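Examining the three-dimensional arrangement
As a plain string of letters, each chain reads:
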Amino acid sequence: ETGVTQSPTHLIKTRGQQVTLRCSSQSGHNTVSWYQQALGQGPQFIFQYYREEENGRGNFPPRFSGLQFPNYSSELNVNALELDDSALYLCATGRDTQYFGPGTRLTVL
Amino acid sequence: AQSVTQPDIHITVSEGASLELRCNYSYGATPYLFWYVQSPGQGLQLLLKYFSGDTLVQGIKGFEAEFKRSQSSFNLRKPSVHWSDAAEYFCAVGSYSGNTPLVFGKGTRLSVIA
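Remember, predicted model here, so these are calculated numbers, not experimental data.

Residues and elements named next belong to chain A. Taken in spatial order, the four strands line up as β1-β3-β8-β7 in an open sheet, and their pairing is antiparallel. Strands with a single pairing partner mark the edges of an open sheet, and in this sheet they are β1 (4-7) and β7 (64-68). Pairwise comparison of adjacent strand axes, ignoring direction, gives a mean angle of 15 degrees for this sheet. Sheet topology note: the β7/strand β8 (residues 74-78) ladder contains five bridges and is antiparallel. Each residue of the ladder has a partner; that of G66, found in β8, is L76.

If you want it as structure tokens, here you go:
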């Protein structure tokens, strides 16, 4: 049990819509990272937040954005959804060692 | 750029048999190395990690891994596999600073047969 929770568990959206995914941790880690895991692939890094500031970004377009709050919970926002955005979205807390939540399964129709 | 290769997409072993999952990495500096396990539809659970020191590291569920710098490898082993070990296994590389994100391999799916 990592103490990392994500919501919602599943959701279905249509192309062009916007979505917000949430992540929280009981550990109080000040670093949170988001990953996208397409079916049959390993997770791909989206971005990382450290003390409420973006601290690194992977090869994802600007329509993927995030926030980290003073309590270190975090949101991932995706605008103008595309079919290829269908994936499992994972958040992880920690720096040297990252602990993952259960993920949010996003399906874009 | 750093990369991780897991050469085996799918491995099937008999329950009670030994297991070795291969992982090779490419990284310019001293790597931090990890193995995670993922059950269907679930998040990633940390099995073990290597930062420095003893190159043979022990993890949860009876798993171990050996870091071999000369071969750029970090293979995962278990002496006796249980049916509950069936899952997807991911090797990942990171760095000491924490600013470098984890880079994952594509995973190895383990099936266990009776």
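Still to come is the rest of the account.
The biggest cluster of nonpolar side chains holds 27 residues, and the ones touching the most others in it are L19, W35, L47, L48, F74, L76 and Y89 of chain B. Going through the elements one at a time, β2 (10-14), β3 (19-21), β5 (32-38), β6 (44-50), β8 (64-68), β9 (73-78), β10 (87-94) and β12 (108-113) of chain B are the ones with two or more residues in this core. Counting residues per element, this core draws most heavily on β10 of chain B, at four residues. Counting residues in each nonpolar core, the second largest holds 20 residues, with L11, L21, F64 and L76 of chain A among its members.

Next up on the list: empty space enclosed by the protein. Enumeration according to the criterion identifies one cavity of 30 Å³ or more in this entry. Approximately 40 Å³ is the volume found for the largest cavity. As for the largest cavity, its lining consists of ten residues, of which R95 and D96 of chain A together with S95, T100 and L102 of chain B are closest to the centre. Grouping the constituent residues of the lining of the largest cavity by class yields three nonpolar, five polar and two charged.

Rules used throughout
Residues numbered from 1 in each chain as written. Chains lettered and ligands numbered in written order. Predicted model: local features only at pLDDT ≥ 70, side-chain atom pairs only at ≥ 80, totals over all residues. Heavy atoms only, no water. Pairing = 2+ DSSP bridges. Helix = DSSP H or I, 4+ residues; strand = E, 2+ residues; numbered from the N terminus. Axes fitted to C-alpha atoms, helices over the stretch in contact; angles between N-to-C directions. Core = buried A, V, L, I, M, F, W, Y, C linked by side-chain atoms within 4.5 Å. Buried < 20%, exposed > 50% of the residue type's maximum accessible area, 1.4 Å probe, protein only. 1 Å grid on protein atoms, 1.4 Å probe; cavity = no way out; pocket = protein on both sides within 12 Å on 5 of 7 lines; lining within 4 Å. Points joined across faces, edges and corners; volume = space filled by probe spheres on them. Nonpolar A, V, L, I, M, F, W, Y, C, P; charged D, E, K, R; others polar.

On their own, these measurements won't tell you what the molecule is for.
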